[in-house]
Amino acid sequence: MNIRQIVRDVVDVIVFSVVGVLTVIAVHELEIDKTIVSLRDKVINLHHYKATFNRALIIYAKLRKHTGIPSQIPDLYLDRSTTVNAYVSARVMVITQGMLDHAKSDSDLAYVLGHEMGHTMLYHTTVRQDRRLTDSRIHEANADKIAVYLMVRTGYNICNIGDLWKRMGDKYGNNTVSTTHPSYLYRTHQLTFPNCGD
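Quantities reported herein were computed from a predicted structural model and do not represent experimental measurements.

Quick look at the overall build of the chain
Logical step 1: In terms of helices and strands, the chain carries six helices and three strands.
Logical step 2: For the chain, restricting intrachain contacts to residue pairs at least 6 apart in sequence, the fraction spanning at least 24 positions comes to 58%.
Logical step 3: Element-wise, carbon and sulfur atoms account for 59% of the exposed surface of the chain, whose accessible area totals about 12,300 Å².

Laid out in structure tokens, this is it:
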């Protein structure tokens, strides 16, 4: 092998290596661009989640002060599910993005959060889960009453709570959400206040 051949082989190896590296870089740049677009879309969604959840946190803090047992009210968390729901356990209170989107006003959110706080204030979260069906519906109705109480104490408008349940009934039908909750129709009737705002 002569020197010229060795130099050509080395140059070929260098060129192929440089071309290979450039190809790898181009592919990675394309993947990085796709990732940046994906992350930008996720950040936009996170801004929506953050804005609506921050609104809920402000209302939650106002209501929590008036429970009489603020240290026993669990912290509030966001579930990004589109299901319209909120629930509480002994350790956490959860509101879904679906519920945040369904609530048309701060008063709607105050009612939903106050209802969940009501379960804690009435010690429903410490009661065994095998309770009878009628007990469960009574617990839900009582938590509704606590929600109204907390709303009045914090200055939220109670006049349109029945509208929230009417919208739920329109969206899902006027049957019960589950066998453990009163029907939308019942709640619409019970939470509509005559002469409200007069």
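A look at the pairing of strand 3 (residues 92–96)
Logical step 1: Strand 3 sits mainly inside the fold: four of its five residues count as buried.
Logical step 2: Relative to strand 3, strand 2 (residues 86–88) is paired through three bridges, and the arrangement is antiparallel. Bridge pairing links Ala86 to Ile95 in strand 3.
Logical step 3: Count of turn residues in the strand 2/strand 3 antiparallel hairpin: three residues.

Some details on the packing of helix 3 (residues 106–121) against helix 5 (residues 161–172)
A pair of packed helices is characterised by two quantities: the angle between their axes and the separation of those axes.
Logical step 1: Viewed as axis vectors pointing N to C, helix 3 and helix 5 meet at an angle of 85°, and their least axial separation amounts to 9 Å. Classified by the interaxial angle, the pair formed by helix 3 and helix 5 is roughly perpendicular. From helix 3, Asp108, Tyr111 and Val112 reach across to helix 5, where they touch Ile161, Leu164, Trp165 and Arg167.
Logical step 2: Considered class by class, the residues forming the contact of helix 3 with helix 5 number five nonpolar, no polar and two charged.

Considering the sheet that holds strand 3
Logical step 1: Spatially, three strands are ordered 1-3-2 in an open sheet, and the strand pairing comes out mixed. The open sheet has two edge strands, strand 1 (75–79) and strand 2, and neither has a second partner. Here the strands of the sheet are splayed against their neighbours by 20° on average, with no regard to which way each runs.

Brief notes about the confidence of the model for the chain
Atom-level detail of predicted coordinates should not be read off regions where pLDDT is low.
Logical step 1: Per-residue confidence for the chain averages 75 on the pLDDT scale, and 65% of its residues sit at or above 70.
Logical step 2: Mean pLDDT per element in the chain: helix 1 (residues 3–65) is the minimum at 63, and helix 3 is the maximum at 93.
Logical step 3: The model gives residues 21–28 a pLDDT under 50, and that stretch makes zero contacts with residues more than four places away or in other chains.
Logical step 4: In the predicted structure, residues 39–44 sits below a pLDDT of 50 and forms zero contacts with residues beyond four places in sequence or in another chain.

Details of the pattern of salt bridges
Logical step 1: The full count for this structure, using the stated rule, is three salt bridges.
Logical step 2: For the salt bridge of Asp106 with Arg55, the shortest nitrogen-to-oxygen distance reads 2.8 Å. Of this pair, Asp106 sits in helix 3 while Arg55 sits in helix 1; the two residues are 51 residues apart in sequence, bridging distant segments of the chain.
Logical step 3: Note on Asp106: relative accessible area 36%, which makes it partly exposed.
Logical step 4: The salt bridge involving Arg64 is made with Asp75; its shortest N-O contact spans 3.6 Å. A residue pair is termed long-range when its members are at least 10 positions apart, and Arg64 in helix 1 and Asp75 in strand 1 qualify at eleven residues.
Logical step 5: For Asp75, a relative accessible area of 40% corresponds to the partly exposed category.

About the cut-offs
Residues numbered from 1 in each chain as written. Predicted model: local features only at pLDDT ≥ 70, side-chain atom pairs only at ≥ 80, totals over all residues. Heavy atoms only, no water. Helix = DSSP H or I, 4+ residues; strand = E, 2+ residues; numbered from the N terminus. Contact = heavy atoms within 4.5 Å. Areas by Shrake-Rupley, 256 points an atom, 1.4 Å probe, with all protein chains shown as cover. Buried < 20%, exposed > 50% of the residue type's maximum accessible area, 1.4 Å probe, protein only. Pairing = 2+ DSSP bridges. Axes fitted to C-alpha atoms, helices over the stretch in contact; angles between N-to-C directions. Parallel < 35°, antiparallel > 145°, perpendicular 65-115°, else oblique. Nonpolar A, V, L, I, M, F, W, Y, C, P; charged D, E, K, R; others polar. pLDDT = per-residue confidence, 0-100. Salt bridge = Lys/Arg side-chain N within 4 Å of Asp/Glu carboxyl O.

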